[in-house]
Amino acid sequence: MKISKVKGFLLALLFTVTLGAAVNVQVTANAATYTTVSTKNVAKTAYHKKSTSGAIYNKAHNKRIATMKGYPNTTWYVTQQATLKHNNSKGIYLYVSNKAGSVKGWIWHGYLTKGKAPFGLKYAKNAVALDYTTGKAVWSKSANTARPIASVSKLMTLYLVLDKVNNGSGKWTDIVKTSDKGLIAMGNSASCGGFKFYSNHKYTVKELYDAALLDSSNNAAIALGQWVAGSNAKFIQQMNAQAKSWNLDKASFVSASGLENSDLKAFGYNYGKANANLVSAKDVALIARHLIQDYPRVLTDGSVGSKTVNGQLCYNYNNMLAGRKYYQASLNVDGLKTGYTPLAGYCFVGTGQKAGKHRVITVVLHDENEFTETRSLMNYAYSLGMNA
């Protein structure tokens, strides 16, 4: 083979491999078209991917429909089988379609194996579904790996606030100091704030509790921590002590709000050596379990869609609540906490209880589709049992 032909072949191969990175995008295949030798209908049968190799094409194989890598947990339903010829070779190909029928085409039979795809989450880097009653994980994905959790951290902060009110050392009507310049600046920040501390208003514990729970107010969470422990540093030490008392060895806190130190530094609230709170999905779920067990009112408080606090709308971004986009009536979702920073990604702690079943607590960390994946995870957890 001449050098020019070898270069041409390598360029064509490189082009084909590069296109293999595309997901669910129709592109022109590099290879010559295939011809049909025979086709027959077969009984509808479930298959799933054997590995990340392979792609779905139209029958002529001049357009790629999807890659197996792009659909890691999809069950494919086969209804036809064909023998296709390409150059001098023949192969058996299967006509597949996902459950919704939105992706369909032909794939070489060797890329698939019979049976439904095992359950999995495509986007969440870490996740867990916890049986609230037993405290046991019924499904997990890298659930013991500590990672940044953003505003999900506020569950620990709110636990300690509720603990102080419950033990009688503080009251809902107590006035919280909100005059610190850093807290005022944080409330005015486009990226770190949203809930403003006005100088003509004295904020109560209950007001800041609502702002932190519903609106995920960072300055409210920090102010509450200072109210609980006397200073930001002492409160963070208390957060870590509480985690240790629960034997959560994959939980380390440097922030009452969940903001990273790289952001908190500008407001004078950076603490510790680590940049972020680092907690595993399993330990987040256990924090939520302690919170619900000891202070079940958090479910009533956390299921409110929105609330006005001192003239400011505190909007609950839990989109699995009734009336929201991802609501599913049978799951009865009534909590609990969203979170996001660029470092942590989208995080969500969800909880609900199907009729006749145990309550479920789910955690997804660094997700891109947190509510859809939480709903899928809850439904899968219930498919495993969890009967009351």
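Quick notes on the rules
- The residue numbering used here restarts from 1 in each chain and proceeds along that chain's sequence as written.
- Predicted model: local features are reported for residues with pLDDT of at least 70 only, side-chain atom pairs are reported and counted for 80 or more only, and whole-chain, interface and lining totals are derived from all residues.
- Here the side-chain values reflect all heavy atoms present in the structure, with hydrogen atoms and water set aside.
- UniProt positions are given in the numbering used here, feature names are shortened, and annotations may be inferred rather than shown by experiment.
- Each helix corresponds to a stretch of at least 4 residues labelled H or I by DSSP, and each strand to a stretch of at least 2 residues labelled E; elements are numbered beginning at the N terminus.
- A contact between two residues is defined here by any heavy atoms of the two lying within 4.5 Å.
- In the analysis that follows, any N or O atom pair within 3.5 Å is treated as a polar contact, provided that within protein one partner can donate a hydrogen and the other can accept it, and provided that, for residues neighboring in sequence, both atoms belong to side chains.
- By nonpolar core we mean a set of buried residues, namely Ala, Val, Leu, Ile, Met, Phe, Trp, Tyr and Cys, connected to one another through side-chain atoms within 4.5 Å.
- Burial status follows relative accessibility: with a 1.4 Å probe on protein chains alone, a residue under 20% of its type maximum counts as buried, one over 50% as exposed, and anything between as partly exposed.
- Paired strands are those between which DSSP finds at least two bridges.
- Axis angles are defined between N-to-C directions and span 0 to 180 degrees, where every axis is a line fitted to C-alpha atoms and, for a helix, only to the segment in contact.
- An angle below 35 degrees is treated as roughly parallel, one above 145 as roughly antiparallel, one from 65 to 115 as roughly perpendicular, and anything else as oblique.
- Each residue is assigned to one class: nonpolar for Ala, Val, Leu, Ile, Met, Phe, Trp, Tyr, Cys and Pro, charged for Asp, Glu, Lys and Arg, and polar for all the others, Gly among them.
- We define a salt bridge as a contact between a side-chain nitrogen of Lys or Arg and a carboxyl oxygen of Asp or Glu at a distance within 4 Å.

### Some remarks on the UniProt feature "active site" (unreviewed entry) in the chain
Line of reasoning, step 1. Under the UniProt annotation, the feature "active site" (unreviewed entry) is placed at Ser151, Lys154 and Ser216. Spanning 66 residues, the annotated positions come together in the fold, the maximum distance between their C-alpha atoms being 7.8 Å.
Line of reasoning, step 2. With respect to the helices and strands, Ser151 occurs in the loop between strand S11 (147-148) and helix H2 (154-166).
Line of reasoning, step 3. In contact with Ser151, other than residues within four places in its own chain, are Ser216, Asn218, Ser257, Gly258, Lys337, Thr338, Gly339 and Tyr340.
Line of reasoning, step 4. Within the element layout of this structure, Lys154 appears in helix H2.
Line of reasoning, step 5. Among all residues touching Lys154, those that are not within four sequence positions of it are Ala212, Ser216, Ser217, Asn218, Ala221, Ala256, Ser257 and Lys337.
Line of reasoning, step 6. A polar atom in the side chain of Lys154 sits 2.8 Å from the side chain of Asn218.

### Re the nonpolar core
Line of reasoning, step 1. Counting residues in each nonpolar core, the largest one holds 70 residues, and the members touching the most others are Leu208, Phe253 and Val349.
Line of reasoning, step 2. Each residue touching Phe253, except ones within four places of it in the same chain, is listed here: Ser153, Met156, Ile236, Met239, Asn240, Ala243, Asn277, Val279 and Ile287.
Line of reasoning, step 3. Membership of the second largest hydrophobic core comes to 18 residues, among which are Ala124, Met320, Leu331 and Leu377.

### So, the environment of Lys125
Line of reasoning, step 1. The topology assignment puts Lys125 in the loop between strand S8 (112-114) and strand S9 (126-131).
Line of reasoning, step 2. When its relative accessible area of 45% is taken as the criterion, Lys125 is described as partly exposed.
Line of reasoning, step 3. Not counting the four nearest positions on each side in its chain, Lys125 is found in contact with Lys141, Ser142, Arg147, Leu365 and His366.

### A short note on the pairing of strand S7 (residues 104-108)
Line of reasoning, step 1. As paired strands, strand S6 (residues 89-97) and S7 are joined by five bridges and run antiparallel to one another. The partner of Ser97 across the bridge, within S7, is Lys104.
Line of reasoning, step 2. Two successive antiparallel strands, S6 and S7, enclose a turn made up of six residues, where Gly101 displays a positive phi of approximately 75°.

### Some remarks on the packing of helix H5 (residues 218-229) against helix H6 (residues 232-245)
Line of reasoning, step 1. It is at 8 Å that the axes of H5 and H6 come closest, and there the two elements cross at 85°. What the angle tells us is that H5 and H6 run roughly perpendicular. Of the residues in H6, those in contact with Ile222, Gly225, Gln226, Val228 and Ala229 of H5 are Asn232, Lys234, Phe235 and Gln238.
Line of reasoning, step 2. A per-class count over the contact of H5 with H6 returns four nonpolar, four polar and one charged.

### So, the pattern of salt bridges
Line of reasoning, step 1. This structure, assessed with the given rule, holds seven salt bridges.
Line of reasoning, step 2. We note a salt bridge from Asp174 to Lys171, for which the minimum N-O separation is 3.4 Å.
Line of reasoning, step 3. The salt bridge partner of Lys177 is Asp180, with a shortest N-O separation of 3.4 Å.
Line of reasoning, step 4. Lys177 gets classed as exposed once you look at its relative accessible area, which sits at 55%.
Line of reasoning, step 5. Linked through salt bridges whose partners overlap, the residues forming this network are Lys206, Asp210 and Lys307.

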